[in-house]
Amino acid sequence: MRTLTTLASLCLAVLSATAFDRTAPEYSVAGTTAFTKPSKHTLWYTQPAGNGYAQWQEYSLPIGNGELGGSIFGGIRLDKITFNEKSVWDGASTTRPNPNHGEYLKFGSIWVEDMGTALAAGVKDYVRYLDIDNAVAGVAFTDADATRYTRTCISSQPDKVMAIRYEAKGKNRMSLRFSVEPGAPLVERSQVKPEVVYSAGVATFAGKLELLSYSAQLSVKADKKATISSDANGITVSNAAEITLYITGGTDFDAFNYDGFTNGTAPQLLSIMAKRIEAAATKKWAAMIKAHTADYRQYMDRVNMDLKQGGASVDSKMATNLLIDSYGRNEGGFRNSAEGIYLEQLYYNYGRYLMISSNRHQPVPNNLQGLWVDTDRGHAPWNSDIHTNINIQMNYWPAEPCNLSDLHLPLLDHIVSISNSPGTKAQAKKAGQSVGWVVDTESNLFGGMSSWSDNYTIANAWYVTHLWQHYRYTLDKAYLRRVFPTMWSAAQYWAERLVEAKDGSYECPAEFSPEHGPQAENATAHSQQLVVELFSNTLEAIKALNNASELDPQWLAMIRDRYQKADRGLGIETYTGDWGTKFLAAGSPILREWKYSPYTVGQNAHRHTSHLMALYPFSQIQPGDKYFQPAINSLAQRTDASTGWAMGWRVNLWARALDGNHARRMINNALCHAGDGLNYSSGGVYYNLWDAHTPFQIDGNFGVTAGMAEMLLQSGTGVISLLPALPDAWAEGSITGLKAVGNFTIDQTWKDGRLTTATILSNAGEPLLVQYGKRDLAQATITDARGRAIQPKAVEGQAGVYEITVAKGGKVVIRF
Ligand code: FUC
């Protein structure tokens, strides 16, 4: 595989600023046997994570405020806390060979050494947890003298710092040394190298990458009886009952300054960081936690999934690693037990947790590891970059349906930023067009990219569909006006680029169906479905903005013409059975992936399902269409096992196939433990519930989260479909707060596999079209919020679909 080299360099030497021994074994740790979770959705473990790369991805617990993140290891003799900031990117707005196109970089680690206390004799009752209902991680253990030690870890958006509170209750005190180490690849890539300076309980480092300057700071405070001293080896705190760490960091990135992508000076940056830390340190700890939790919960509480078994909400008492193992073994049908189903609900919520924790404010999209990467031993897999042929898009699939529209903006603003950057414009010219912007498969924060597979130029269309989807869910016209030029110039690019084929249709020339088959062939199904969606979305946006008169009439006419004549990317061929018949019978019709080549030019069971864009994420194929069954057959032929993100896509596709049980089978497979290797194709999850490509890649987390929502509610066509793909195992439950196209918020309750109540809130007063597949809505009692009966109107030509009149702010309650 093309970028394995990045991982092969994991053996890079570690920079050693301090003299401690990183290999000495941990003290003896006996895990807790009785842990009461701080909240229902809590991941927990009875051992520290351990410090290696594999342990980082297997066991560390991620926290983040949407910009600043950390991984919690929970070590005792020697602990590591890694920290990341979303804009720490190397690279520039140019095209270069892989892997020099830029890279997202780990910021640094904080090492914490035990300086010789009662702990060396070993600890008991150890627990390490992550409460995702409140976004608080913690560690707790007891020493031989019954002193109880706790650590509470948050990354606060209101205070813009990561903060960790250490407390010792009992007769013993803590003595710890804290040292800061900039990430090894960061140091390697820096043009101005970072040096850590310790002074008066504060550690600071700063440096400069190709474009961006960065700066990070750690401040250590302790109770009055403790002593704090700083020297070249770090900050030592002795005899403390309470210690608080404050960590912050950032860069001078400015997405909209195309002259260098920066804003401000290095000293200004340093002073911003220092002020943040000072302000945070004056705040009371309880107030800081309260503000953080309230801020987080305004996102998290928008949706509540409550799956039930035997009338009771699902839950588990097991440590998360044991829960995952039991789920994998599936003894006695464990996956269908309350604990097995709880793991699925936990995973759904974890996707939302990761989304909120890694997406706030900055126009910086999630990279392949979201916000978290730990690469002390080398460069990240695929440079932790922005991959445009599925990965970056999947990272945002949950945003709109899971009621996190505002957290879609880091990607959407990035798209607007790079569409105007010199890099993407130059690439459009290089591809032979006079207009537009192009982003190839491997891209960076500045609109720069690698030259790998640079005939795959259709990602700009995919990006535009994200811009449009945000509008469909929010109906925010000011936003649409702002992003419209980016949509328009991508449409111009493709209107000019399409070539007329012998059959009279217009085709994308020499495209690629990621990531297999011919490197260059006209009219791949993928590119055609995308280009059709691009034109359709752009023309819809023009309608919504009513701005046709402001546009160049010749271009507009050309876009309309190409939209009419573009090949739809929908063709059928016959599966001949030459890849086996376990998943699909020979002779079955399948959707073509290539217009001209047969499916056999691809690979059996390939992870990408690029030709099924029409089914999901788009809504070009629907039940009843002649392409519906061939698309499902194609999907079946791709099999039920693949890499992490590929499983995430399959969950969504099976949901669109209206087969809830098959979608859940994908979830079953996706939730098995990944194994600890760095084998590139085994899929599954790590014990910290990060998705495994393998290695860790966050897209699979987001793909499955979106897929679970898609099983419970669909609205891609503009018709709200209630519980469209409910699996048998989720026979009872409820979910509140999912969003639908047209800005509706929907709560649903079900029992015995059937909808009992749906409440639809109209936030914008759009026409409401709704259907429920298992029972005709004509049999339901439909009222407004005050209980007054509403008469639904059957929509002609669309069996089972009803139109309901509801004003802005009004509610419709459907009861069976
Ligand atoms: C795409 C996928 C790979 C991997 C990489 C980061 O190229 O085909 O499986 O996820 O992105």
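This report concerns the structure included in the present document.

Turning to the sheet that holds strand 19 (residues 234–240), a few remarks are in order. The strand order across the open sheet formed by seven strands is 3-4-5-9-14-19-18, and the pairing between neighbours is antiparallel. For this open sheet the edge positions go to strand 3 (61–64) and strand 18 (227–231), each flanked by a neighbour on one side alone. Averaged over all pairs of adjacent strands, the angle between strand axes in this sheet comes to 20 degrees, irrespective of strand direction. Taken together, the five bridges between strand 18 and strand 19 define a ladder with antiparallel strand orientation. Within strand 19, the position partnered with Ser229 by the bridge is Thr236.

This brings us to the packing of aromatic side chains. The full count for this structure, using the stated rule, is 34 aromatic pairs. Note on Phe141 and Tyr149: the rings are 5.3 Å apart at their centroids and 20 degrees apart in plane angle, and the pair reads as stacked. For Phe141, a relative accessible area of 3% puts it in the buried group. Among the aromatic residues, those joined into a ring-pair cluster are Trp56, Trp372, Trp690 and Phe696.

The subject of this paragraph is helix 12 (residues 477–497). For helix 12, with 21 residues, the first-to-last C-alpha span of 29 Å sits near the 30 Å given by 1.5 Å per residue. Maximum bend of helix 12: about 45 degrees, positioned at Val483, with proline Pro485 one to four residues after it. Among the 21 residues in helix 12, 15 count as buried, and that is most of the element. If you check the start of helix 12, you find a side-chain oxygen 3.2 Å away from the backbone N of Ala478, and it comes from Asp476.

Here the idea is simple: oppositely charged side chains can pair when their charged atoms come close. Applying the stated rule across the entire model yields 34 salt bridges. Between Lys169 and Glu167 there is a salt bridge, with the nearest N and O atoms lying 3.2 Å from each other. On the basis of relative accessible area, Lys169 is assigned to the exposed category, the value being 56%. For Glu167, a relative accessible area of 17% translates into the label buried.

Moving on, we come to the side chain of Gln748. Along the polypeptide, Gln748 turns up in strand 33 (residues 744–751). Given the relative accessible area of 1%, Gln748 is considered buried. At a separation of 2.8 Å, a polar atom in the side chain of Gln748 contacts the main-chain carbonyl oxygen of Leu712. Residues contacting Gln748, with those up to four places away along its chain left out, are Leu712, Leu713, Leu722, Leu723, Gly733, Ser734, Ile735, Leu755, Thr757 and Ala758.

Cut-off values and rules
Residues numbered from 1 in each chain as written. Predicted model: local features only at pLDDT ≥ 70, side-chain atom pairs only at ≥ 80, totals over all residues. Heavy atoms only, no water. Pairing = 2+ DSSP bridges. Helix = DSSP H or I, 4+ residues; strand = E, 2+ residues; numbered from the N terminus. Axes fitted to C-alpha atoms, helices over the stretch in contact; angles between N-to-C directions. Phe/Tyr/Trp six-rings, centres within 6.5 Å; stacked < 30°, edge-to-face > 60°. Buried < 20%, exposed > 50% of the residue type's maximum accessible area, 1.4 Å probe, protein only. Expected span 1.5 Å × (residues − 1). Bend = angle between axes of the 7 residues up to and from the residue. Polar contact = N/O pair within 3.5 Å; in protein donor to acceptor, adjacent residues only side chain to side chain. Salt bridge = Lys/Arg side-chain N within 4 Å of Asp/Glu carboxyl O. Contact = heavy atoms within 4.5 Å.

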